[in-house]
Structures are given as C-alpha cells and as structure tokens.
Amino acid sequence: MSDDKAQSLKDAALHFHEFPRPGKLEVVATKPLANTRDLSLAYSPGVATPCEEIAANPLDVYRYTSKGNLVAVISNGTAVLGLGNIGALASKPVMEGKSVLFKKFAGIDSIDIEVNEQDPKRFIEIVAPLEPTFGGINLEDIKAPECFEIEETLRERMNIPVFHDDQHGTAIIVAAAVLNAMRLVGKDIGKVKICTSGAGAAAIACMNMLIAVGAKRENIWIADSKGLVTKKRDNSVDRWRGAFAQDTDKTELSEVMAGADIYVGLSKAGALKPEMMKEMAPNPLILALSNPIPEIMPELARETRPDAMVCTGRSDYPNQVNNVLCFPFLFRGALDCGATIINEEMKAAAARAIAQLAHEPGLEATAHGVPAIFGPDYLIPNPFDQRLILRIAPAVAKAAMDSGVAQRPIADFDAYRDQLRRFVFRSGLVMKPMIERAQSAGKKIAFADGEDERVLRAAQVMLEDGIGKPLLIGRPSVIDSRLERFGLTIRQGKDFEVINPEDDPRYRDYVALFHSLVGRKGVTPDTARTIVRTNTTVIGALAVRRGEADALICGLQGRYIKHARDIHSIIGLAPNASQLSALSMLLLNRGVFFLADTYVNIDPTAEELVAITLQARDHLKRFNIDAKAALLSYSNFGSREGATSEKMRQVYEALQAVAPDLMVDGEMQGDLALNEGLRERYIPDSVLKGEANLLIFPNLEAANLSMTLLKELNNGLHIGPILMGTRQPAHILAPTVTSRGIVNMAAIAATEAAG
C-alpha cells in the first residue's frame, strides 16, 4: 500500500470513529417509556416483581432480563492484533468493534469492558464477579501464556460460557479449513504431518482443535521464536507448549518440514521460506495467518508449489481465516440453549458446520471474483455468508445439549432455525405466510431474466425450499455455463424448464398469439417476430397467457414502465381493475408499511385510487395483515384546499360507501397517519386506530419520493414492487434486487397464482 493510500485510510478510520458521534456503540431501550404507567412498570414499583421471581428461581433471570442475550468483550490490551501491548485504554476501539460484530452478525447485545490490570490473578478477581450481569464472556487480546491461566480459571469459577476468541475462534476456522482441504485432496487427517510456526495462544489452541477433529499429537511439530519445541528445551517451554514437545535432536522447523502436509503460520511475516515449501508433501495446505503480512505471500506460495492450497488472514485474498466466521454464531447457539460452558464438543461442531457450508452453493456471489464452489480457492465460506448463523448456532446448541451443558435445551429445532432465519433475512417474519402457501401450491414461475446470476441463485433456493418450479427464459448454453461457474447444482430438464429465445419449437405459436393481441396497435407481423425473438418479458408474458407458467417475474433490465406496458398488452387487466398499480412494502425497525402507488400511475383519479386501495387491502390479507389505511395529503381533514386534498376526500367518501368494513381515514398528513394522539386532536372518533400500515398517496411523485427516502433514512428493506391489477400474477423487479428479494417476489407470485 502506498504512503498516500495508507494515510488516506488512517484519516478515514479516524473520521469514521469520531463522527457523527464518538465511538461505535449506544444503548437502546427495548421497552416503551412514554408515560407514567410505563415508568411504573420499568422501575418502581413494578420492577420489584421480576426481582422477587428471580430471587425465588435464579433461572428466571433469563426470562425477565437481557442477561441471556448479553456478552461482555473483556481485554487488558496486552496483545492487540498487530499492535501488541498497547494497554487497556488504547484497546477500547477494538473491543467496541468486537461488540458491534456480535450485534451485526448474530443479534447479540454486547458491552466492551477494558480492564487496566496485567496481573492475571487480579484480572481474574475483577472478571469473575461479573457473572450475574452477563450471559457469556468473550476474552480478547490477552497475551500468552497469561491468557491460558485466565481462561482456565474463569471457566472453572463461572457458570456461563467463557471464550478466548484469539485462541479458539481462530482454531475453529483453521480446523474447518483443514477438514475441507484434506477432504479435497483425499488425505486422512489422522495421518497428516502438521508443522507450525508460532506457539502463542492461537497456535496452541489451533493444534488442540485439530486434535479434537482427528489429528494426532505425535504428528504435530511446533516452533516458537527460540526454535523447535522439543523435550530437550525443558527450561524454556511452558506446560501448554510442552504438551507438543517432540523427542528429537533437531532444533529448527525447517529441519522437519520434509513430507509435511499442513503448515500453520501464526508467527511473523516471511517465516515460511520457499525452500521449506519445496520439501512438503504433494498438495500441501498453507495457512499463513500473520497479519497484515503473512508468513508467505499467496503469490509466492503458488509460484513455489502450484499444487498448494493457501489460506491467509487477509480480506483481499480467498480463503480468509476470519474469526467473524465463528464467534458470533458460536455464542448465539451457546446463549440460546443456556450453555454453562463452551466445551470441545461445541467447538468441534462449529468447525464441522463451517466446513460443510463451503460445499453448498451460495445465495449471493462471493468477493474476489472467486465462485462459491468448493475447491482450492474456496475451502471455507465467505465471512458474510448469511447462512453461517443458520448452520453454526443449531450445531453448537445441539452439541451443548448432547454433552450435558445446556440449562435450557431447545425443544423444537425447526422452530429455532425459523427464528434464526428471520434474523438473517429481515423479510422472514412477514414473508412466512406467503412462503408457506407457496410451498403447498406447486406453481410454475417464469423468469424473463433467466441468465442473470441472481435469478439462477434464486431458482436454486426456490427449489430447495419448495417455493415453486422455475421456468427460465434464456439461452440454454449460457444458463448451463453460469450454473457451473457459480457452483449451483440445479440442472435444466431435471429441475427446471427453459424457453430458448433463439430456438424454441413454440416460437411460431408465440408470434401468432402476440400479433393477435397487439396487431391493431401498430405492430406488424415482421415486428411481432422480432419482438418475440428479442424481448424476454414478452416471451414470459406469453407463456403465462398460454398457461405454460402460472406467474411472471421480470424487470432486471430496461425501464419499469416498458415492462408494465408489455404485461398490460399480453396478460391484461383483472376483471375488476381499470389500470395497473404498484404496492411497495417497507420493513423498518418501527414495523411493516405498505405504500401505493409507488411506480405506475403519475396522477391517478379518485376512482383509480379507490381501486388501488382495495387491491392493496387484498394483498395485505395474503400476508395475514389487516389493512389500516391512511389517505395522505398536505391537508388534515379539510384544513387546506387544493386539487389533491379534494381528491383524497373523494377517495375517503367512496371507500366509506364501497368498503364500510375497511379501517381507513383521511385526508391527512404523514405524521397523523403514524401518530394516533395527533390524529385524535382532529378526529377523536376516527375508525383508524393506532398506526396506519397502508399509506395511499395522491400521486406517483409523492409515493415514490416517500418510499425511497424512508428506505434510505431508516435502512429499510424494500419488498416489491408488487404489481397489482393484472389478470394473472406478474411482477417487475427493481434492477438492484438481491437473490433473496427475487425469492420473496417468487413466493408472492406463487401465492397469488394459488388464489
């Protein structure tokens, strides 16, 4: 990295930590404190009741407090990664960062505690009494060998999980990489030779973890800064390193590298020389984990041994050994079953779960341009693979239960996995009824963008989850090659059908049908042939019209309104619809909100808005949500005159007549729609109670601007747009949609098709 880039990174890091407010954490209340009653429940006198319950039954602390989801990240700053012994105070940014990762990746609340004490015995006496507060302790950046004594003693004294991540987090990821590498090249882990440079906390933990998953102690060779760890070094080897001392006269790691299958580097840059690699066994595994500069750079390692598999601790190379792959999800499983300790069985279960995930095709693309295909450059999953929590947490919880350390065993693992899935995919809770109905419907969904990577990944998930049967529109050879490139296992002809725009036996029938629909709209037979050959949305819509598919998903390329016109021309309008419209769902921290019309009608009439509102109400029912509609305007119940306020009043009056059971009111401004107290100042007897969940806008400009601003300002998740008013289900995706978003829209389409 150049000096300018390094300085730029430093400046950006300082700005990131200082603004808009110092630090990376805040405390947020989980209960309302809006009035005197709330205060009396949260504190005096109501708080006395849970205190009495916990005094009578200590395990009730997990019912009535945050202890069961609260982890302390504790350090004395004696071994901060890449910085050394910088002290407790200077380590705080790192510990705050670790706390943020707990929250981001596993939904675990975490508090950083920096202890200004380097004496291990006094450190222990400070930490051990914290047990009543926390559900788990994550020790961080404590130097060896003191860290061994601290962790061992705290584990004995405390009845909650205590985990030194520098040791065991690294060890679990290393074990996963080793398991997969040995599987890839067909070697028996019980017979391989392992050479390690570095004998600190992480290195010792890695070797113990490898033994837990099948390696043999007699096949492990360790070197520290003084050379090879042997039995002849009794006066310079502590009991933790001494467990791996070999009976040999050799003194340097280089002397025992011949025939080594695995090299683990947790030492310093340049520790592994090319000449040492040349002596290793065929297909060696190199774990060069020193940061920022590894023991050998991957380029040099592959140049020296083209058959080598290489892992580093760096994010700019494949096979990154990153502790975030493990520790949030390990604690998630341990906390959820009330584990009193994180034992070897739980760590081994985490390692095997991580290893297995690398064999499964991913939902999203990986970094570095490396396909998520199990192989030399994909031995371990990407740290941002959203499925890590779904695999690791249940495996850890089950191992805790099987080994007898779970105080609150999980009775229903299917329900537990569903709970985790809702955390991973924020849409999980609201989409659950849609997905369940889609799974029983067996509908066929046509995808106009069948060659797109996101569609292919979504098709894989659809089939795995039983949401529907994909019909992909695209060139078969392109689809096949991309499935292979992305490591996806679905195959055309077996798992899904393909419509080939370049050569499909139904082409003439499609052209004839298309021309019969649009021939009197200026489309000649020659033009119809060209359109059917080149416009995949038209092809998909024709497939739906002919009954060859139950629904259409399109829109990844081109303008939204053009796709809407094609759908209108071919699929047509529902019997009770006079126009198409779009309903957007926003998932915000505050709740779920539906907005209409966000994409189609520039200035709908009052009659059209009535139809849009009723169509939206029917869609909310599919989500098992009762509509509470607010008709939005710049006016509050006649407070200001104007064309749009008058239009929204007409909409209200019409809805009162045609849908008297609908909970709706307006016209009103946005704050009144969401704040019942403000609304009651105008209309105390309004039928609209609580917070509106269906927001009807007077025009496209207001709806689209509001939707996009709310999404960005609140980090909201947009599901949709849901196209309403079609004779048969058809939806136009936003070009930025993810694979998960496509899966959600497929489930919505399948549910609509099921009726």
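If you're wondering where the values come from, they're calculated on a predicted model, not measured in any experiment.

Trainee: Looking at this structure, how should I read the overall build of the protein chain?
Mentor: Along the protein chain, the regular secondary structure elements total 29 helices and 21 strands. Compactness check: the protein chain gives a C-alpha radius of gyration of 30 Å against a globular reference of 27 Å for 755 residues, within 12% of the reference. Projected onto the principal axes, the alpha-carbon positions of the protein chain cover approximately 95 × 75 × 55 Å. Across the 755 residues in the protein chain, those meeting the buried criterion constitute 53%. A sequence separation of at least 24 residues applies to 71% of the contacts in the protein chain between residues at least 6 apart. For the protein chain, the accessible surface area stands at approximately 33500 Å², while carbon and sulfur atoms represent 52% of it. In the protein chain, 84 side chains carry a positive charge and 93 a negative one; their mean positions are 3 Å apart.

Trainee: In this structure, what is going on with the pattern of salt bridges? I would like to understand it.
Mentor: Close approach of charged atoms allows side chains of opposite charge to pair. Counting across every chain of the model gives 42 salt bridges. With a shortest N-O distance of 3.2 Å, E26 and R21 are connected by a salt bridge. Each of the salt bridges in this network shares a partner with another, and the network as a whole consists of K92, E96, D112 and E114.

Trainee: Help me understand the sheet that holds strand 19 (residues 694-696) in this model?
Mentor: Strand pairing within a sheet occurs via backbone hydrogen bonds; the two strands may be parallel or antiparallel. The sheet built from six strands is open, its strands ordered 18-17-19-16-15-20 with mixed pairing. Two strands close off the open sheet at either side, each with one partner strand: strand 18 (663-668) and strand 20 (717-724). With strand direction ignored, the average angle separating the axes of adjacent strands in the sheet is 20°. Relative to strand 16 (residues 591-596), strand 15 (residues 581-588) runs antiparallel, the two being bridged by six bridges. Counted as the bridge partner of L588 is G591 from strand 16. Together, strand 17 (628-632), strand 18 and strand 19 form the strand contacts of helix 25 (residues 643-658), whose direction differs from that of strand 18 by roughly 165°.

Trainee: How should the side chain of D566 be read in this particular structure?
Mentor: Along the chain, the position of D566 falls in helix 23 (residues 560-570). With a relative accessible area of 11%, D566 lands in the buried category. Separated by 3.1 Å, the side chains of D566 and K562 make a polar contact. Those residues in contact with D566 that lie beyond four places of it in its chain are N535, T537 and V538.

Trainee: Hey, could you run me through the nonpolar core in this one?
Mentor: Within the largest apolar cluster, 105 residues are counted, with the highest numbers of intra-cluster contacts made by I137, L285 and L287. A458, L483, L655 and L694 belong to the second-largest nonpolar core, a separate cluster that totals 63 residues.

Trainee: Looking at this structure, I do not really get the packing of helix 18 (residues 453-465) against helix 29 (residues 739-754). What am I missing?
Mentor: Helix 29 packs onto helix 18 with a crossing angle of 55° between their chain directions and a minimal axis gap of 8 Å. Taken together, the axis directions place helix 18 and helix 29 in an arrangement best described as oblique. Note that helix 18 runs across helix 29; the crossing there is right-handed. Contact residues: R454, V455, R457, A458, V461 and M462 in helix 18; S739, R740, I742, V743 and A746 in helix 29.

Trainee: Would you mind showing me how to read unusual backbone geometry here?
Mentor: Excluding glycine, residues mostly have negative phi values, and the peptide bonds linking residues are mostly trans. Cis peptide bonds are those with omega within 30 degrees of zero, and the linkage from A144 to P145 qualifies with 5°. Looking at where P145 falls in the secondary structure, it is placed in the loop between strand 3 (136-139) and helix 7 (146-157). Cis geometry marks the peptide bond from G666 to E667, where omega comes out at 10°. If you trace the backbone, E667 turns up in strand 18. One non-glycine residue, N283, lies in the positive phi region at around 50°. On the secondary structure map, N283 appears in the loop between helix 11 (274-278) and strand 9 (285-288). By relative accessible area, which is 30% here, N283 ends up partly exposed. Its identity is not glycine, yet N715 carries a phi of approximately 50°, on the positive side.

Trainee: Is there a simple way to think about helix 29 in this case?
Mentor: Structural remark: α-helix, 3.6 residues per turn; residues separated by three or four positions point the same way. The end-to-end C-alpha separation of helix 29 is 23 Å, in line with the 22 Å expected for 16 residues at 1.5 Å each. Most of helix 29 is tucked away, with 14 of its 16 residues classed as buried.

Trainee: Whenever I open this one, the UniProt feature "domain: Malic enzyme N-terminal" (unreviewed entry) in the protein chain confuses me. Can you help?
Mentor: The feature "domain: Malic enzyme N-terminal" (unreviewed entry), as annotated in UniProt, sits at residues 22-155 in this numbering. Helix makes up 40% of residues 22-155 and strand 12%, and the two end C-alpha atoms of the span are 34 Å apart.

Trainee: Can you walk me through the side chain of N535 in this structure?
Mentor: Mapping N535 onto the fold places it in the loop between helix 21 (525-534) and helix 22 (536-545). Within the local environment of N535, its side chain forms a polar contact with the backbone nitrogen of T537, the two atoms lying 3.0 Å apart. Excluding its chain neighbours within four sequence positions, the residues that come into contact with N535 are K562 and D566.

Trainee: Would you mind going over the environment of L488 with me for this structure?
Mentor: Position of L488 among the secondary structure elements: in the loop between helix 19 (476-485) and strand 13 (497-499). Classification of L488 as buried rests on a relative accessible area of 2%. In the structure, L488 is positioned 128 residues away from E360 in sequence and 8.3 Å away in space, judged by C-alpha atoms.

Trainee: What is the right way to read the pairing of strand 9 from this model?
Mentor: Moving residue by residue along a regular strand, the side chains alternate between the two faces of the sheet. Covered by surrounding structure in strand 9 are L285 and L287 together with I286 and A288, the residues of both alternating faces. Pairing of strand 8 (residues 262-265) with strand 9 involves four bridges; the strand directions are parallel. Within the sheet, the bridge partner assigned to I262 lies in strand 9 and is L285. Where strand 9 and strand 10 (residues 309-312) come together, four bridges link them in parallel fashion. Within strand 10, the residue paired with L287 across the bridge is C311. The parallel pair strand 9 and strand 10 is bridged by helix 12 (residues 298-304), and the resulting crossover is right-handed.

Trainee: Looking at this structure, how should I read a nonpolar patch on the surface?
Mentor: Taken together, the side chains of L33, L39 and Y43 present a nonpolar region at the surface, about 370 Å² in accessible area. Here L39 shows up in helix 2 (residues 36-42). Note on L39: relative accessible area 51%, which makes it exposed.

Rules and cut-offs
Residues numbered from 1 in each chain as written. Predicted model: local features only at pLDDT ≥ 70, side-chain atom pairs only at ≥ 80, totals over all residues. Heavy atoms only, no water. Helix = DSSP H or I, 4+ residues; strand = E, 2+ residues; numbered from the N terminus. Rg over C-alpha atoms; globule rule 2.2 N^0.38 Å. Buried < 20%, exposed > 50% of the residue type's maximum accessible area, 1.4 Å probe, protein only. Contact = heavy atoms within 4.5 Å. Areas by Shrake-Rupley, 256 points an atom, 1.4 Å probe, with all protein chains shown as cover. Lys, Arg positive; Asp, Glu negative; His and termini not counted. Charge placed at Lys NZ, Arg CZ, Asp CG, Glu CD. Salt bridge = Lys/Arg side-chain N within 4 Å of Asp/Glu carboxyl O. Pairing = 2+ DSSP bridges. Axes fitted to C-alpha atoms, helices over the stretch in contact; angles between N-to-C directions. Polar contact = N/O pair within 3.5 Å; in protein donor to acceptor, adjacent residues only side chain to side chain. Core = buried A, V, L, I, M, F, W, Y, C linked by side-chain atoms within 4.5 Å. Parallel < 35°, antiparallel > 145°, perpendicular 65-115°, else oblique. Left-handed = near helix turned anticlockwise from the far one by under 90°. Expected span 1.5 Å × (residues − 1). UniProt positions renumbered as here; feature names shortened; annotations may be inferred. Right-handed = clockwise from strand over helix to strand, strands pointing away. Patch = residues over 30% accessible without salt bridge, like charges linked within 9 Å, V, L, I, M, F, W, Y side chains within 5 Å.

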